[in-house]
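One-letter residues, chain by chain:
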Amino acid sequence: MSFPKHFLWGGATAANQYEGGYLSGGKGLAITDTITGGDGLNNIPRYMTVQLADGTKTKLERGFNTEMPAGAIAYVDPDYYYPSHVATDFYHHWKEDIALLAEMGFKAFRLSINWTRIFPNGDDKIPNEEGLIFYENIFKECLTYGIEPVVTLNHFDCPLHLATKYGGWENRQVVDFFTHYAETVFKRYKGKVKYWMTFNEINFLRDYSMIGITEEKSNPQRLAQAIYHVLLASAKTVKIGHDIDSQNQIGMMVAYMLTYPQTCNPDDIWADMDVSKDLRDFYLDVQCRGYYPSYKLKELERQGITLLKESDDDQLLLDGIVDYIGFSYYNSLVTSSAPEGDSTGGNQMGGLKNPYLEETEWGWPIDPIGLRIALNRLWNTYQKPLMIVENGLGAKDDIAEDGHIYDDYRIDYLQKHIIEMEKAISLDGVDLIGYMPWGCIDLVSAGTGEMRKRYGFVYVDMDDSGNGSLNRIPKKSFYWYKKVIETNGEILKGI
Ligand code: P53
């Protein structure tokens, strides 16, 4: 095994799925706080509770196929259960949780700052000191154990007030609100946090629940403008972060949707290229190269979309080239020029069934070699250091009679992926700097809002309706991962 000496072994979380304390310590409401729990195995989606323009209260399916009508506003209804409100309560368990991560030997811990904990409304002039102290204590605690915090500035949590009052990211003012927030935390945590990421899975910020815009389908100009603003905010954030501390490493984060064309029919190959651009490459191109690629400009032209820009925007995008690429990788997808046949699930979206791959209980194909392919493609295309900031198996865990959790299936999944990572490093020369499997301590699923879809090395006693003691129990994978880190991967040799 040849993992670099200072390889960042760790794990990843996100505030809206892990933290809870949704109104504690002066936190404001984020749109993610208005999304209900669902049931992935029985196809019950997550909903957003919504008040329509005429005052009617209703719920709308959260997702890419639903459009938020003009004038509608998300709200919290006391009759519904919202998993983000308590989540797995990192808010009250952070000391205990960080101690558990330290016991596994973590070198890095990815977490996100809740924007609404720092600026409850998003447009506040002065930050919420209690929120700033909350994360400061967490970073200090990590550092006492030698754990490097890896901080996502925005993991799906748009302040509700910014949607209601400003129309979300379609409004250019939101760029300034966001960069004010970023500047505030860069200054406050200078010297404590070195690794930052701007927007989580930036290639999937497409609906009201994440960016606060309405009519995002019937008026594609709106979505294109909002995405432009998000990319601009990301670039501006990178620049501000570098100006405040030249030691800062500021990366992007993309859901790496690896796709395979179904056949060698050139129509299929072309369709795959076409889908890939929109699905992920566009976001990588802009953030790694500093400008909109020609295919995107042509596409906007064809759609009759004109982006509203300011004179120094182009320079801003160039100044905001990222230092590294962070990405999530869970599965691969099959595309086709004439998609028919059985479909499959997956992170963010599904594709056609791949007959060569097994699937998880939630229908996500398992494809460790795909991770090596993704690493090679990203490295060869952009020549930027890579960080895997999400990977893992969502599965049900049972507590055995002896009180232990024997999650061999999870060990098997992770092990196979780590072996492919090692090949990418030692055989292909990829510059991979870290591995942070998802949900290292059990947390709420983003896709389905369930608790029973677990990723962690540590079990948290909490069920899909929010009942449970919140007690933490290390699983079998906890001791396995500890060994992996301790031996810098050597323990996997020969497997
Ligand atoms: P889960 C769906 C919706 C939003 C984000 O996914 C998602 C997904 C995937 O279904 O992607 C990322 O929890 C995300 C994490 C998320 C993780 O994948 O649905 O960055 O927040 O938890 C895993 O199993």
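Draft legend 1. How the structure looks around the overall build of the protein chain. Looking only at helices and strands, the protein chain features 14 helices and 17 strands. Over its C-alpha trace the protein chain gives a radius of gyration of 21 Å, about what one expects of a compact globule, namely 23 Å for 495 residues. Relative to its 495 residues, the protein chain shows a buried fraction of 59%. Look at the contacts in the protein chain between residues 6 or more apart in sequence, and 74% of them connect residues 24 or more apart. Accessible area of the protein chain: about 18900 Å², with a carbon and sulfur share of 51%.

Draft legend 2. Here's a closer look at the packing of aromatic side chains. As enumerated under the stated definition, the model contains 33 aromatic pairs in all. Taking the centre distance of 4.8 Å and the plane angle of 70° together, the rings of phenylalanine 7 and tryptophan 9 count as edge-to-face. In this pair, the class of phenylalanine 7 matches that of tryptophan 9, namely buried. Geometrically, the ring pair formed by phenylalanine 186 and tryptophan 196 is edge-to-face, given 4.8 Å between the ring centres and 80° between the ring planes. Here the residue phenylalanine 186 occupies a position in helix 6 (residues 173-188), and tryptophan 196 occupies one in strand 7 (residues 195-199), the gap between them amounting to 10 residues. Tryptophan 196 matches phenylalanine 186 in its accessibility class, with the two residues each being buried. Grouping aromatic residues by their ring pairs yields a cluster made of Phe3, Phe7, Trp9, Phe106, Tyr435, Phe457, Trp480 and Tyr481. Across from the ring centre of phenylalanine 134, 5.2 Å away, lies the NZ or CZ of arginine 117, which sits over that ring. It is lysine 296 that lies over the ring of phenylalanine 282; its NZ or CZ is 4.5 Å from the centre.

Draft legend 3. Highlighting the site of the ligand. Around the ligand, the structure places 16 residues, and the nearest of them are Gln17, Ala446, Gly447, Lys453 and Tyr455. In this structure, an oxygen atom belonging to the ligand sits 2.7 Å away from a side-chain N or O atom of glutamine 17. Between an oxygen atom of the ligand and a side-chain N or O atom of lysine 453, the distance comes to 2.7 Å. Protein chains bury 96% of the 460 Å² of accessible surface belonging to the ligand in isolation. Its residues placed into classes, the shell around the ligand shows six nonpolar, seven polar and three charged.

Draft legend 4. Helix 12 (residues 368-382), seen in detail. Helix length check: helix 12 (15 residues) gives 22 Å between terminal C-alpha atoms against 21 Å at 1.5 Å per residue, within 8%. Contacts made by the buried residues of helix 12 are with strand 9 (258-261), helix 9 (266-289), strand 10 (324-328), strand 14 (386-390), helix 13 (408-426) and strand 15 (432-435). Count one or two residues on from helix 12 and you reach glutamine 383, which has phi positive near 55°.

Draft legend 5. Seen up close, the sheet that holds strand 2 (residues 47-51). Sheet architecture is open: three strands sit in the order 3-2-4, paired in antiparallel fashion. If you trace the sheet from one side to the other, it starts and ends with strand 3 (57-61) and strand 4 (73-74), each paired once. The sheet contact formed by strand 2 and strand 3 spans five bridges and is antiparallel. Paired with valine 50 across the two strands is threonine 58, which belongs to strand 3.

Draft legend 6. Just the pattern of salt bridges, in detail. Counted by the stated rule, this structure contains 40 salt bridges. The salt bridge involving lysine 296 is made with aspartate 278; its shortest N-O contact spans 3.5 Å. Of this pair, lysine 296 sits in helix 10 (residues 294-302) while aspartate 278 sits in helix 9, and the two are 18 residues apart along the sequence. You can call lysine 296 buried: its relative accessible area is 8%. Judged by relative accessible area, aspartate 278 falls into the partly exposed class, the value being 33%. Between arginine 280 and aspartate 281 there is a salt bridge whose closest N-O contact spans 2.8 Å. For the pair arginine 280 and aspartate 281, one class covers both residues: buried. Taken together, the shared-partner salt bridges in this structure form one network comprising Asp397, Asp407, Arg410, Asp442, Arg454 and Lys475.

Conventions used here
Residues numbered from 1 in each chain as written. Predicted model: local features only at pLDDT ≥ 70, side-chain atom pairs only at ≥ 80, totals over all residues. Heavy atoms only, no water. Helix = DSSP H or I, 4+ residues; strand = E, 2+ residues; numbered from the N terminus. Rg over C-alpha atoms; globule rule 2.2 N^0.38 Å. Buried < 20%, exposed > 50% of the residue type's maximum accessible area, 1.4 Å probe, protein only. Contact = heavy atoms within 4.5 Å. Areas by Shrake-Rupley, 256 points an atom, 1.4 Å probe, with all protein chains shown as cover. Phe/Tyr/Trp six-rings, centres within 6.5 Å; stacked < 30°, edge-to-face > 60°. Lys NZ or Arg CZ within 6 Å of the ring centre and 35° of its normal. Near = heavy atom within 4 Å. Polar contact = N/O pair within 3.5 Å; in protein donor to acceptor, adjacent residues only side chain to side chain. Nonpolar A, V, L, I, M, F, W, Y, C, P; charged D, E, K, R; others polar. Expected span 1.5 Å × (residues − 1). Pairing = 2+ DSSP bridges. Salt bridge = Lys/Arg side-chain N within 4 Å of Asp/Glu carboxyl O.

All quantities given are derived from atomic positions and should not be read as evidence of function.
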